[in-house]
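Survey of secondary and tertiary structure
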Amino acid sequence: YYSAYDVVHNINPYEDRKLYTGLGYPLSAVLFYVPLLFFPFALASKIFLLINILCVFLIVFVSIKVAKINASWKYFIIFVSLAVLSFPVKFSFGMGQSNVLAYTFLLFSFYQHLRKRDIESGVLLGLSLAIKPIFIFMLLYFLLQRSYKTILIAGGVVSVFTAVSIFMLGFNPYIFYVTSLVPHLFSLEGREVYYNQGLTGFVSRLTDNHAIRRIVPMVISVSLIFFTIFSAIRVKTSKEVLFSIVIIVLLLVD
């Protein structure tokens, strides 16, 4: 919210020492929160929480469509309840994370991909990438499916958001982000934190040895990626299963 405020007022949020938590995303991701500036922070946070809650309903609805399940409203509510009870969803709600919102766009993109609507799929994928850049890993799925048109359109959407943010603040914040913040994201310090559900978090909770923390997750991560590619090329895994495999691999290697 306050990073969006900085961008609108021509302030570099990466150098704003008044922010309670530093911005860890490219400026393009901040543009999504500019409309919330029309509301006071307390109200804006509640609006964002409401959006996240509605997104969970949408995620379950689209998941049922993708899985081709003929579920009644009773089962729909049960599925939503189980989703809300899960730790990642509750953590995203409590911390004001963008995970649920970004995943909603990603899942809708996949649904449009199944319907062979490349343009809609690309736009939705681009919005997902703009909100949550780590979802660039999901391009692996679309590459394996040879959905090049979807990838190009997604790249165009991200480019538009990036161009707008550059027009507002120039190139310097991006240079600062790439040279000063991105290298810090690869640090192994603090990876043992309880909400890190990836391989690095798991290994870091077992040992303080930085060499093991770096090498073991890397070896397993590369193996998982090769397994994913093998599943797509040699095993001829279905689109639905392959998509879910790539998402799980993302969670583990991130």
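The shown structure was predicted, so the numbers you read here are calculated from the model rather than taken from an experiment.

Here we take up the overall build of the chain. Across its full length, the chain carries 13 helices and zero strands. Listing the helices and strands of the chain from first to last along the sequence gives α-α-α-α-α-α-α-α-α-α-α-α-α. For a compact globule of 254 residues, the expected C-alpha radius of gyration is about 18 Å, and the chain comes in at 19 Å, within 12% of that figure. Over its C-alpha atoms, taken along the principal directions, the chain stretches across nearly 50 × 45 × 35 Å. Counting the 254 residues in the chain, one finds 39% classified as buried. Total accessible area on the chain stands at roughly 14800 Å², and carbon and sulfur atoms take up 70% of it.

Attention now goes to the side chain of serine 204. Looking at the secondary structure, you find serine 204 in helix H11 (residues 199-204). In this structure serine 204 touches Arg191, Glu192 and Arg213, once residues within four positions along its chain are discounted.

With that settled, the discussion passes to the pattern of salt bridges. What the rule picks out here adds up to three salt bridges. A salt bridge links glutamate 240 to lysine 68; the shortest N-O distance between them is 3.7 Å. Placement of glutamate 240 in helix H13 (residues 239-253) and of lysine 68 in the loop between helix H3 (41-67) and helix H4 (73-85) is noted, with a sequence separation of 172 residues between them. The partly exposed category is assigned to glutamate 240, whose relative accessible area is 29%. Notably, a salt bridge pairs aspartate 208 with arginine 213, separated by 3.6 Å at the nearest N-O pair. The class for arginine 213 is buried, based on a relative accessible area of 5%.

Right, let's talk about the environment of tyrosine 148 for a bit. Tracing the sequence through the fold places tyrosine 148 in helix H9 (residues 148-169). Assessed through its relative accessible area of 47%, tyrosine 148 is described here as partly exposed.

Membership of the largest hydrophobic core comes to 50 residues, with the highest contact counts inside it found for Leu27, Leu125, Phe135, Met138, Tyr141 and Phe243. Ignoring anything within four residues of it in the chain, the contact list for leucine 125 reads Leu106, Ser109, Leu139, Phe142, Thr150 and Ala154. Residues Leu127, Ala130, Val157 and Phe161 belong to the second largest nonpolar core, which totals five residues.

Attention now moves to unusual backbone geometry. Located in the positive-phi region is lysine 68, a residue other than glycine, with phi close to 55°. Although it is not a glycine, arginine 146 sits at a positive phi angle of roughly 55°. Among the structural elements, arginine 146 can be located in the loop between helix H8 (139-144) and H9. The class of arginine 146 is exposed, set by a relative accessible area of 63%.

The next subject is the confidence of the model for the chain. Across the chain, the average pLDDT comes to 90, with 100% of residues at 70 or higher. Ranking the helices and strands of the chain by mean pLDDT puts helix H7 (residues 118-131) first, with 96, and helix H10 (residues 172-185) last, with 82.

Next up on the list: helix H5 (residues 87-95). Every buried residue of H5 is accounted for by Val89, Phe91, Ser92 and Phe93. Residues of H5 that are buried make contact with H3, H4 and helix H6 (99-114). Downstream of H5 by a residue or two, glycine 96 has a phi angle that is positive, lying close to 65°.

All right, on to the packing of aromatic side chains then. If you walk through the whole model with that rule in mind, you get 15 aromatic pairs. Here phenylalanine 110 and phenylalanine 243 contribute two aromatic rings whose centre-to-centre distance is 4.0 Å and whose plane-to-plane angle is 10°, an arrangement assigned as stacked. Of this pair, phenylalanine 110 sits in helix H6 while phenylalanine 243 is found in helix H13, placing the two residues 133 residues apart along the sequence. Under the relative-accessibility criterion, phenylalanine 110 is labelled buried at 1%. An aromatic cluster of three or more residues is present, and its members are Phe110, Tyr141, Phe142 and Phe243.

What follows is about the side chain of asparagine 52. Among the secondary structure elements, asparagine 52 is positioned in helix H3. Judged by relative accessible area, which is 1%, asparagine 52 ranks as buried. Residues in contact with asparagine 52, not counting those within four places in the same chain, are Phe93, Gln97, Val100 and Leu101.

The rules we used
- Residues numbered from 1 in each chain as written.
- Predicted model: local features only at pLDDT ≥ 70, side-chain atom pairs only at ≥ 80, totals over all residues.
- Heavy atoms only, no water.
- Helix = DSSP H or I, 4+ residues; strand = E, 2+ residues; numbered from the N terminus.
- Rg over C-alpha atoms; globule rule 2.2 N^0.38 Å.
- Buried < 20%, exposed > 50% of the residue type's maximum accessible area, 1.4 Å probe, protein only.
- Areas by Shrake-Rupley, 256 points an atom, 1.4 Å probe, with all protein chains shown as cover.
- Contact = heavy atoms within 4.5 Å.
- Salt bridge = Lys/Arg side-chain N within 4 Å of Asp/Glu carboxyl O.
- Core = buried A, V, L, I, M, F, W, Y, C linked by side-chain atoms within 4.5 Å.
- pLDDT = per-residue confidence, 0-100.
- Phe/Tyr/Trp six-rings, centres within 6.5 Å; stacked < 30°, edge-to-face > 60°.

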